[in-house]
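Structural overview
Each chain, letter by letter, is given below.
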Amino acid sequence: LGVKSITIPANVEDIESNELRHISSLENIGFEQGSKLKTLRGGKDGGVFSGCNIVSIKIPASVETIEAGAFAGCRSLTTISFEKNSNLKDIRSESAIGFESATSDIIRYSYYGAFSDCSSLTSIEIPASVETIGVYAFLGCHSLAKVTFEKGSKLKEISGYGYYVEKRYPATHWHGVFSDCPITSIEIPASVESIEECAFQGCSQLASVTFEKGSKLKTIGGKSVYGGVISGSKVYYYYYGGFASTALQLFVIDAETPPLCNNYAFYGVNSSAVLKVPSKSVIKYKMASEWKNFSSILGLDE
């Protein structure tokens, strides 16, 4: 019979990424109280718990880094929680590039994050101590409907980017920390200064975005990509924005000066979406690039 449960002793500070991964029988992982574990290891070939059949896990407060791929492919994982007073700083992701085979000129890209392809994960609360979240951290988390941030968050950026590949297999690609997740609403910490292009792109159920009071937001990313000449004279453009292709109905932010929005930051957003801002700043937002595209801009007290 395979190992179903394991408790990691408190004095363990590091676990190599190949010691526990792909143990499909492993359903329960516990940590002794007072754990000294600092890093949950990852890598392009798999992480410490990748491919395991765990359903839930509570990560010790001592953990400072969750590397790319640490939980990749844990398709039964529905609940991730963090011990009180978490010291977690980095939730990482990476990409890899290589040829399809030794004789092929077809390039393949692979992307993996700390929790990529955890397809049963439904919710997560990001600890206040987290400073960075890698762009592929939740790639393929198609059930992730609720994301919250612990009060006092130190997070500065919600990452994302989009691009076009023309050789052999023309295609557009976008990746964002929460892109394509079925989130319906989210409150973004006041500490966040930048939301990059594609950060929430494709969140087709995202109806409400609220920024915590005292928002320090400075920029929301967006851009268009020229797709080349296709089928004779036909030219395609692709659009990427921080909140592109969402179901946005309500956007609330208390920043008195409109944050800089790059072109297409809200591309494809519902034309009836309402923007709520400080009453004395309504005119500023009505004149600001991209913000002025909201059909209704109201004061916070309206």
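Cut-offs applied
Residues numbered from 1 in each chain as written. Predicted model: local features only at pLDDT ≥ 70, side-chain atom pairs only at ≥ 80, totals over all residues. Heavy atoms only, no water. Phe/Tyr/Trp six-rings, centres within 6.5 Å; stacked < 30°, edge-to-face > 60°. Helix = DSSP H or I, 4+ residues; strand = E, 2+ residues; numbered from the N terminus. Buried < 20%, exposed > 50% of the residue type's maximum accessible area, 1.4 Å probe, protein only. Contact = heavy atoms within 4.5 Å. Polar contact = N/O pair within 3.5 Å; in protein donor to acceptor, adjacent residues only side chain to side chain. Pairing = 2+ DSSP bridges. Right-handed = clockwise from strand over helix to strand, strands pointing away. Core = buried A, V, L, I, M, F, W, Y, C linked by side-chain atoms within 4.5 Å. Salt bridge = Lys/Arg side-chain N within 4 Å of Asp/Glu carboxyl O.

Bringing the packing of aromatic side chains into the picture now. All chains considered together, the criterion is met by 21 aromatic pairs. Where Tyr111 meets Tyr136, the ring centres are 4.9 Å apart and the plane angle is 50°; that geometry is what we call tilted. In this pair, Tyr111 is assigned in strand β10 (residues 107-113) and Tyr136 in the loop between β12 (132-133) and β13 (146-149), connecting sequence segments 25 residues apart. With a centroid separation of 5.0 Å and 75° between ring planes, the pair formed by Phe266 and Phe294 is classed as edge-to-face. Highlighted residues: Phe266 in the loop between β24 (260-261) and β25 (274-277) and Phe294 in the loop between α1 (282-287) and β26 (296-299), separated in sequence by 28 residues. We note that Phe266, like Phe294, is buried.

Take the environment of Glu83 next. Within the secondary structure, Glu83 sits in the loop between β7 (79-82) and β8 (90-91). A C-alpha to C-alpha distance of 5.2 Å links Glu83 and Pro60, two positions 23 residues apart in sequence. Not counting chain neighbours up to four residues away, the residues in contact with Glu83 comprise Lys58, Ile59, Pro60 and Ala61. Within the structure, the side chain of Glu83 is placed 2.7 Å from the backbone nitrogen of Ala61, a separation counted as a polar contact.

We now examine the pairing of β25. Sheet topology note: the strand β23 (residues 250-252)/β25 ladder contains three bridges and is parallel. Bridging across to β25, Leu250 finds its partner in Val274. Pairing of β25 with β26, which is carried by four bridges, proceeds in the parallel orientation. Paired with Leu275 across the two strands is Ile297, which belongs to β26. Running through α1, the crossover from β25 to the neighbouring parallel element β26 is right-handed.

Within the largest apolar cluster, 73 residues are counted, with the highest numbers of intra-cluster contacts made by Ile66, Phe71, Phe138, Phe200, Phe251 and Phe266. The contacts of Phe138, once residues within four sequence positions are left out, are Phe115, Leu121, Ile124, Ile126, Ile133, Leu144, Val177, Phe178 and Cys181.

If you walk through the whole model with that rule in mind, you get ten salt bridges. Taking the shortest distance from any N to any O, the salt bridge between Asp14 and Arg41 comes out at 3.0 Å. Of this pair, Asp14 sits in strand β2 (residues 14-15) while Arg41 is found in the loop between β4 (39-40) and β5 (56-59), placing the two residues 27 residues apart along the sequence. Accessibility expressed as a relative area gives 28% for Arg41, which makes it partly exposed. Notably, a salt bridge pairs Arg41 with Glu67, separated by 3.0 Å at the nearest N-O pair. Of the two residues, Arg41 sits in the loop between β4 and β5 while Glu67 sits in the loop between β6 (65-66) and β7, which places them 26 residues apart along the sequence. The exposure class of Glu67 is buried, given its relative accessible area of 15%. Here the salt bridges share partners, and the residues they tie into one network are Asp14, Arg41 and Glu67.

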